[in-house]
Amino acid sequence: MKGNLKNNLTPETHTVVDTIIRIGADRMNAQVELKWWGDDADGFIKGYEFSFDSVITSSTHWVFTSNQDSTFILTIPPGKDTIDFTFWVRAIDNLGSPDPTPAHLGLPIKNSPPSVQFISATNNPVISFPVVRFYWKGTDPDGDENLSRYEICWNDTAQTPYSIDVIASSATFIASTFSTTSPSSNVYLNNDLTAQPFLMSGMILNDTNLLYIRAVDKAEAKSAFISSYKIFIKKPHSSNLVVEAYTSPAQSASALTFYSQNLTASGVADFDTLNLFQQQGGVYTQLAPDNITQSRIFSLFNHIVWFSNDASKSLSLGQRTLDNFFNANGKLFMAVYVSSTFDEQSTFLDFTPVQSLVAYSDTALILQDTSSVFSQQSGYPDLKSSVIISNVKPFNLITGSTPIYNANLIGKKISTNFLFPWSGASTVMASKTNQSGQINFIFSSLELQKLNGLSNAAQLFQKLFVTELGM
């Protein structure tokens, strides 16, 4: 076949909309969806190139795409509310030839200010030591990719705000010192273990605090400041923490009084307190919003005295939050009531001196109101129960742990109510040591305030907390 080869015909390009006329408040948001298409009389379209250059020249930078639509976030220069962009698009045919007359579309854009709101965590304590965490969520009508940063202030928005990277959805604030009531605070973003390079001012100890936050977009448009809920931030005044972890207000008050009076009588007069499971309106008032924050609170102290009527709640929380405390050579005493419903297959005891609880089918172990609790170590006074405890959980020890007290228990067949002397394992208090050979954890499955039948609690406290734990 003979003939003359025809020159390649260049493609034609079209935008779905050829003109946009919008003025004033009716201008488009900076997030726009654009569509285009092309045709080629002697071939086919293999793709498209687009540009937002204001004028097309030989040096224009084109971006290739095989799509016929896309959503763009158009960045408005900082300080400007509006701008006109020009979108250029040209088809590329199967021979690589571009449309010499690209289609174009004028885009009248206005910037929309961003917004931000605080997000409620599982717990939102209204009282806390100076380790506090807040969560938030920022949005932008022009696309969340248009967010630039967050700005925060403690208590007063007139001060220069502290800038936070837009990747952050939460931050933890830890006072850098307790020697003043207005300390600077270290700022930890999200779950970071390393603080931000700059300290933040404005936190006030022993007072109610508000955290303010606003969102800033890439055009420097700012949302209004919004405030967090109020939180009273307590100044620690000692290295000793008394954790009252009762779930009953009546038991809580009497237990705290018992420990406070006997700690003071034994010479430990300086200690802070944490009412761990206190609730108001079904919401915890002092429990941290997450395990990382609670761990950091416990790590403010060298010694913790923890007592509770709920072994499951206390042991599960302790297991998840005390590693850093122990790693910093912290020393813990924990006395908890272990109910008959405690899950003996749980891993809650893994960090304690306990290898397993003593339990037999159809058998409950009872401590009478005159029963003795015998010391297994020199210097510990013998004790006597002051109440009947109808469910006692003695335990077996992990290797290297040391028994401190065994109890004189009575066995009871649950099915028949038959009582008999108990001759099995009866350890109810034991200790374990850290890698340096120092006692760092004493655990009791009996509540101490129920063992003062001989009125010698002060002597017990002296041995436990002063001699053994070094408070």
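Below or above, wherever it landed, is the structure these notes cover. (Residues numbered from 1 in each chain as written. Predicted model: local features only at pLDDT ≥ 70, side-chain atom pairs only at ≥ 80, totals over all residues. Heavy atoms only, no water.)

**Overview of the environment of T352**
We count it as follows: Under the DSSP-based scheme used, a helix requires at least four consecutive residues in state H or I and a strand at least two consecutive residues in state E, with every element numbered from the N terminus. Here's how the labels work: a residue is buried when its accessible area is under 20% of the maximum for its type, exposed when over 50%, partly exposed in between, all with a 1.4 Å probe on protein chains only. We call two residues contacting when some pair of their heavy atoms lies within 4.5 Å. Residues adjacent in sequence count toward polar contacts only when both atoms are side-chain atoms; beyond that, a polar contact is any pair of N or O atoms within 3.5 Å, and within protein one must be able to donate a hydrogen and the other to accept it.
Here T352 shows up in the loop between β24 (331-336) and β25 (354-357). Taking relative accessible area as the criterion, T352 reaches 0% and is therefore assigned buried. For the pair T352 and I410, spaced 58 residues apart in sequence, the C-alpha to C-alpha distance is 25 Å. Those residues in contact with T352 that lie beyond four places of it in its chain are L315, I398, K432 and F441. In this structure the side chain of T352 is engaged in a polar contact, spanning 3.0 Å, whose partner is the backbone nitrogen of V354.

**Structural notes on the packing of aromatic side chains**
To be explicit about the condition: Classification of ring pairs uses Phe, Tyr and Trp, with its six-membered ring standing for Trp, and accepts pairs whose centres are within 6.5 Å; under 30 degrees between planes counts as stacked, over 60 as edge-to-face, and the remaining range as tilted. Ring-over charges, as used throughout, are those where CZ of Arg or NZ of Lys falls within 6 Å of the ring centre and within 35 degrees of the ring normal.
Under the defined criterion, the tally for this structure stands at 32 aromatic pairs. With a centroid separation of 6.1 Å and an interplanar angle of 50°, the aromatic rings of Y246 and F307 are classed as tilted. One end of the pair, Y246, is in the loop between β19 (240-244) and α1 (249-265); the other, F307, is in strand β23 (residues 303-308), with 61 residues separating them in the sequence. Across the pair, F307 and Y246 agree in class, each one buried. Measuring from centroid to centroid gives 5.5 Å for F351 and F441, while their planes differ by 35°, and the two rings are tilted. Of the two residues, F351 is situated in the loop between β24 and β25 and F441 in strand β34 (residues 439-444); the sequence distance between them amounts to 90 residues. Look at F351 and you get buried, because its relative accessible area is 11%. Members of the aromatic cluster, each reached through a chain of ring pairs, are W36, Y48, F50, F52, F72, F85 and F87. When the ring centre of F277 is taken as origin, the NZ or CZ atom of K313, which lies over that ring, is 4.5 Å away.

**Here we look at the layout of surface pockets**
Keep this limit in mind: As defined here, a cavity is a set of points on a 1 Å grid over the protein atoms alone where a 1.4 Å probe fits but cannot get out. A pocket is an open set with protein on both sides within 12 Å along at least five of seven lines, and residues line them when an atom is within 4 Å of a point. Grid points are joined across faces, edges and corners, and a volume is the space filled by probe spheres set on the points. Each residue is assigned to one class: nonpolar for Ala, Val, Leu, Ile, Met, Phe, Trp, Tyr, Cys and Pro, charged for Asp, Glu, Lys and Arg, and polar for all the others, Gly among them.
Approximately 150 Å³ is the volume attributed to the largest pocket. Lining the largest pocket are 14 residues, and of these N123, L287, N291, L317 and R320 sit closest to its centre. Where the lining of the largest pocket is concerned, the elements lending two or more residues are α2 (291-298) and α3 (311-321). In terms of residue count, α3 provides more of the lining of the largest pocket than any other element does, 4 residues in total. Of the residues in the lining of the largest pocket, the class split is 6 nonpolar, 5 polar and 3 charged.

**Brief notes about the pairing of β23**
Quick reminder of the rule: Two strands are counted as paired when DSSP detects at least two bridges linking them.
Most of β23 sits inside the fold, with 6 of its 6 residues counted as buried. By the alternation rule, side chains of β23 split into H303, V305 and F307 and I304, W306 and S308, which are all buried. Relative to β23, β19 is paired through 5 bridges, and the arrangement is parallel. Paired with E244 across the strands is F307, a residue of β23. Sheet topology note: the β23/β24 ladder contains 6 bridges and is parallel. When the sheet's bridge partners are listed, F307 is paired in β24 with A335.

**Description of the sheet that holds strand β12 (residues 162-165)**
Consider a sheet: its strands pair through backbone hydrogen bonds, and that pairing is either parallel or antiparallel. In space, the 4 strands of this open sheet follow the order β12-β11-β16-β17, with antiparallel pairing throughout. Unpaired on one side and paired on the other, β12 and β17 (226-227) mark the two borders of the sheet. Inspection of the sheet shows strand β11 (residues 147-154) paired to strand β16 (residues 211-217) by 7 bridges, in the antiparallel sense. Across the sheet, W154 pairs through a bridge with L211, a residue of β16.

**Looking at unusual backbone geometry**
We note that E220 has phi near 70°; this positive angle belongs to a residue other than glycine. In this fold, E220 is placed in the loop between β16 and β17. By relative accessible area, E220 is classed as partly exposed at 32%. In this model, S455 sits at a positive phi of 55°, which is unusual for a non-glycine residue.

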